[in-house]
Amino acid sequence: MDNRFTIYNSLSRKKEPFTPLHPPFVGLYVCGPTVYSDPHLGHARPAVTFDLLYRYLMHLEYMVRYVRNITDVGHLENDADEGEDKIEKKARLEHLEPMEVVQKYINSFLKNMEQLNTLHPSIEPRASGHIIEQQQLIEELIKKGYAYEVNGSVYFDVLKYNEKYKYGKLSGRVLEELQSNTRTLDKQDEKRNPFDFALWKKATPEHLMRWPSRWSDGYPGWHLECSAMSIKYLGEVFDIHGGGMDLQFPHHECEIAQSTAAQGKESVRYWMHNNMITINGQKMARSLGNFITLDQLFIGNHPLLTQAYSPMTIRFFLLQAHYRSTIDFSNEALLAAEKGFQKLMKGIETLDKLKPSLTSTIDIPSLRKKCYEAMDDDLNSPVLLSYLFEGVKYINSVSDGTEKLSINELTSLKDLFKVFVFDILGLKDENISKGDEKLTSELMKIIINLRQGAKNKKEWAESDKIREDLKNAGIILKDLKDGAEWEME
Ligand code: ZN
């Protein structure tokens, strides 16, 4: 924690030494998914980027409160104040309750995130669970003169805000430009200016997700939840706010305006944004037929793929690029990533078998120093990986006898790979876990057969004891008509 870690701040547009407000504590807020469809590649990149940040901060011994929200209300189709709520639309198409849609896609999101070996955030608050906090923030904004009510809806007054604070400082968009680029208001429009945005929308009669308020039965605007929930869980001023670059405008710009107007000061000290993924050089979009969900990747059932790719191959593929660079995704690039990942894992396998010599010909401390320098330089994972492959080269040279490692240097190299590959990059050896699964299932078969044998001999005490012992180990046995099945508690 010696401020050696530098991160690129999207607000100042330069790299800055990271100095938390209240060390060792770090507040990290990341905009999470709007849960209305199966998670896709676009979800994987911010998840892995901020997981890398979270892991590295913890490695540097910071105590991180990582908050990632779940948007389950208020995100309208056109990302602004018009169109149907994305979740309600899906609910109508799938004949489900909106909250069933939410639950379904939260489950698939969390499943995919676990497959990608991302750590769970400390708090995953939902917008629908923080309606009161959002209403309180609206009250505050009305009281301070930055919001106005029209026909039961409340809008943020961007012009008024711009008089005192500068609107557009994150995205670099200036108001005059916005003014000329947006359509003129038609007569029915309630907003004073087209760039004003909704804080509260009055619900139409057919709108399902609605809450009472003093303005109307309605629902909050999309940008509001992140201001309300980040302030609630991380305080008025906190360290890092992250998200995809596509969220800079309007979402994050509006968040800055809301929080600053309500508090009289800015909330976020460092803004971090990951860049986007293109597919064969094109933007990913359902209409272009290049939209790939994570399940399709893991199973391999998409026309653009020649095979399935494991979650760790995808994670490795994402880490091969710096988070602020675009990544072009293709079947060929994935095949190369798969090869690279396997080479790294093979290197670690060889490392475990190396025998120490009395002397060393390789300088491990300088390799370790370079690895840290890469991570300290705004999470430069591609450079880190190049040093790790340098390490793999050393491992192979020691293995074939051209180089030597003493016991201390060998221990140090093993520790370096453990720390950087597994703890920080969050990769794991999938062959080992596959082997573990097979072993567990074989052992369970044997145990279930032993218990069946006891039951056949009417040794009930014995069969009950086996069931109890398994339960104590967190394994639940369910008797079936013939045999039994098991699951983890
Ligand atoms: Zn957000």
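Residues numbered from 1 in each chain as written. Predicted model: local features only at pLDDT ≥ 70, side-chain atom pairs only at ≥ 80, totals over all residues. Heavy atoms only, no water.

**Student:** I would appreciate a short explanation of the overall build of the chain in the present structure.
**Tutor:** When you go through the chain residue by residue, the secondary structure sums to 16 helices and 15 strands. Each of the three principal axes of the chain carries a C-alpha extent, and together these read 80 × 65 × 45 Å. Counting the 489 residues in the chain, one finds 51% classified as buried. The contacts of the chain with a sequence gap of at least 6 include a subset with a gap of at least 24, amounting to 73%. Of the side-chain charges in the chain, 62 are positive and 71 negative, and the distance between the mean point of each set is 2 Å. (Helix = DSSP H or I, 4+ residues; strand = E, 2+ residues; numbered from the N terminus. Buried < 20%, exposed > 50% of the residue type's maximum accessible area, 1.4 Å probe, protein only. Contact = heavy atoms within 4.5 Å. Lys, Arg positive; Asp, Glu negative; His and termini not counted. Charge placed at Lys NZ, Arg CZ, Asp CG, Glu CD.)

**Student:** What is the right way to read the coordination of the zinc ion from this model?
**Tutor:** Six octahedral donors around a metal ideally subtend angles of 90 or 180 degrees, whereas four tetrahedral donors ideally subtend 109.5 degrees. Only Cys31 (SG), Cys226 (SG) and His251 (NE2) from the protein reach the zinc ion as donors, at distances of 2.0 to 2.1 Å. If you list the donors of the zinc ion from N- to C-terminus, the spacing comes out as C-x194-C-x24-H. Note that Cys226 is positioned in helix H7 (residues 224-234) and His251 in helix H8 (residues 248-263), a separation of 25 residues in sequence. Grouping residues by exposure puts Cys226 and His251 together as buried. (Donors = N, O, S within 2.8 Å, 3.2 Å for Na, K, Ca; no water.)

**Student:** Quick question: what am I supposed to make of the sheet that holds strand E10 (residues 268-274) here?
**Tutor:** Hydrogen bonds along the backbone pair up the strands of a sheet, which may run parallel or antiparallel. Overall, parallel pairing links the 4 strands, which are arranged E4-E3-E9-E10 in an open sheet. Two strands close off the open sheet at either side, each with one partner strand: strand E4 (63-68) and E10. On average, each strand axis in the sheet is inclined to that of its neighbour by 20°, with strand direction left out of account. Note: strand E3 (residues 25-30) against E4, 6 bridges, orientation parallel. Its bridge partner lying in E4, Phe25 is registered against Met63. In the packing of H7 onto the sheet, the strands contacted are E3, E4 and strand E9 (238-244), and the crossing angle to E3 comes to about 160°. (Pairing = 2+ DSSP bridges. Axes fitted to C-alpha atoms, helices over the stretch in contact; angles between N-to-C directions.)

**Student:** Just checking my understanding: could you explain the sheet that holds strand E13 (residues 327-329) for this structure?
**Tutor:** Taken together, 3 strands build an open sheet; the order of strands is E12-E11-E13 and the sheet is mixed. Because the sheet does not close on itself, it has two edges, and the strands there are strand E12 (282-283) and E13. In the sheet, strand E11 (residues 277-279) pairs with E13 via 3 bridges, with the strands oriented parallel. Within E13, the residue paired with Ile279 across the bridge is Phe329.

**Student:** Sorry, what's going on with the packing of helix H4 (residues 131-143) against H8 here?
**Tutor:** Geometrically, a packed helix pair is captured by the angle between its two axes and the distance between the axes. Relative orientation of the contacting elements H4 and H8 amounts to 65°, with a least axis distance of 9 Å. The two elements H4 and H8 cross, and the hand of that crossing is left-handed. Side by side, H4 and H8 meet where Leu137, Glu140 and Leu141 of the first sit next to Gln258, Ala261 and Ala262 of the second. Of the residues that constitute the contact of H4 with H8, the class distribution is 4 nonpolar, 1 polar and 1 charged. (Left-handed = near helix turned anticlockwise from the far one by under 90°. Nonpolar A, V, L, I, M, F, W, Y, C, P; charged D, E, K, R; others polar.)

**Student:** Would you mind going over the domain arrangement of the chain with me for this structure?
**Tutor:** The parts lose accessible area when they come together, and the size of an interface is often stated as this lost area. The domain boundaries assigned to the chain delineate domain 1 (7-274), domain 2 (279-424) and domain 3 (430-488). Each of domain 1 and domain 3 was reduced to a C-alpha centroid, and the two centroids are 47 Å apart. (Domains from an automatic or database assignment.)

**Student:** Just to check I follow, could you spell out the nonpolar core for this structure?
**Tutor:** The nonpolar side chains of a soluble globular protein tend to be buried, and buried together. Ranked by size, the top nonpolar core spans 79 residues in total, and within it Ile240, Leu297, Leu344, Leu388, Phe417 and Phe420 carry the most contacts. For this core, the leading source of residues is helix H1 (residues 41-59), giving 10 residues. Looking at which domains feed residues into this core, each of domain 1 (7-274) and domain 2 (279-424) supplies at least three. Setting aside its immediate chain neighbours within four residues, Leu388 contacts Leu344, Cys371, Leu416, Phe417, Phe420, Val421 and Leu425. Counting 40 residues, the second largest nonpolar core, distinct from the first, contains Tyr161, Phe195, Trp200 and Ala257. (Core = buried A, V, L, I, M, F, W, Y, C linked by side-chain atoms within 4.5 Å.)

**Student:** Help me out: how do you make sense of the pairing of strand E15 (residues 484-488) in this one?
**Tutor:** Consecutive side chains along a regular strand alternate between the two faces of the sheet. Pairing between strand E14 (residues 475-479) and E15: 5 bridges, direction antiparallel. Pairing of Leu477 across the sheet is with Trp486, part of E15. The turn joining E14 and E15, which pair antiparallel and follow one another in sequence, is formed by 4 residues; a positive phi near 90° is taken by Gly483.

**Student:** Just checking my understanding: could you explain the environment of Ile277 for this structure?
**Tutor:** Residue placement: Ile277 occurs in strand E11. Along the primary structure Ile277 and Asp328 are separated by 51 residues, whereas in three dimensions their C-alpha atoms are 5.9 Å apart. Among all residues touching Ile277, those that are not within four sequence positions of it are Leu41, Arg45, Met284, Leu318, Ile327 and Phe329.

**Student:** Would you take a moment to explain the packing of H7 against H8 for this structure?
**Tutor:** Between H7 and H8, whose axes approach to 8 Å, the crossing angle comes to 50°. The orientation of H7 relative to H8 falls into the category oblique. Helix-helix and strand crossings are classified by hand; for H7 and H8 the assignment is right-handed. Facing H7, whose interface residues are Leu224, Cys226, Ser227 and Ile231, H8 presents His251, Glu255, Gln258, Ser259 and Gln263. Here the contact of H7 with H8 is built from residues that sort into 3 nonpolar, 5 polar and 1 charged. (Parallel < 35°, antiparallel > 145°, perpendicular 65-115°, else oblique.)

**Student:** Just to check I follow, could you spell out the pattern of salt bridges for this structure?
**Tutor:** Any two side chains of opposite charge can pair, given that their charged atoms come close. With the rule as written, the count across this model stands at 30 salt bridges. Among the ionic pairs, Glu442 bridges to Lys445, the shortest N-O distance being 3.5 Å. Within this pair, Glu442 and its partner Lys445 are both found in helix H15 (residues 430-456), separated by 3 residues, close to a single helical turn. When its relative accessible area of 36% is taken as the criterion, Glu442 is described as partly exposed. On the accessibility criterion, Lys445 (48% relative accessible area) is partly exposed. (Salt bridge = Lys/Arg side-chain N within 4 Å of Asp/Glu carboxyl O.)

**Student:** Explanation requested: a nonpolar patch on the surface in the structure shown.
**Tutor:** A surface patch of nonpolar side chains, amounting to about 410 Å² of accessible area, comprises Leu439, Leu443, Ile446 and Leu450. With respect to the helices and strands, Leu443 occurs in helix H15. (Patch = residues over 30% accessible without salt bridge, like charges linked within 9 Å, V, L, I, M, F, W, Y side chains within 5 Å. Areas by Shrake-Rupley, 256 points an atom, 1.4 Å probe, with all protein chains shown as cover.)

**Student:** What's the story with the packing of aromatic side chains in this structure? I'm lost.
**Tutor:** The description of an aromatic ring pair uses the distance of the two centres, along with the angle that the planes make with each other. Taken as a whole and assessed by the stated rule, the structure comprises 18 aromatic pairs. Look at Tyr29 and Phe238: their rings are 6.5 Å apart centre to centre, the planes differ by 55°, and that puts the pair in the tilted class. Here Tyr29 is found in strand E3, whereas its partner Phe238 is found in strand E9, with 209 residues between them in sequence. Considered together, Tyr29 and Phe238 belong to a single accessibility category, that of buried residues. (Phe/Tyr/Trp six-rings, centres within 6.5 Å; stacked < 30°, edge-to-face > 60°.)

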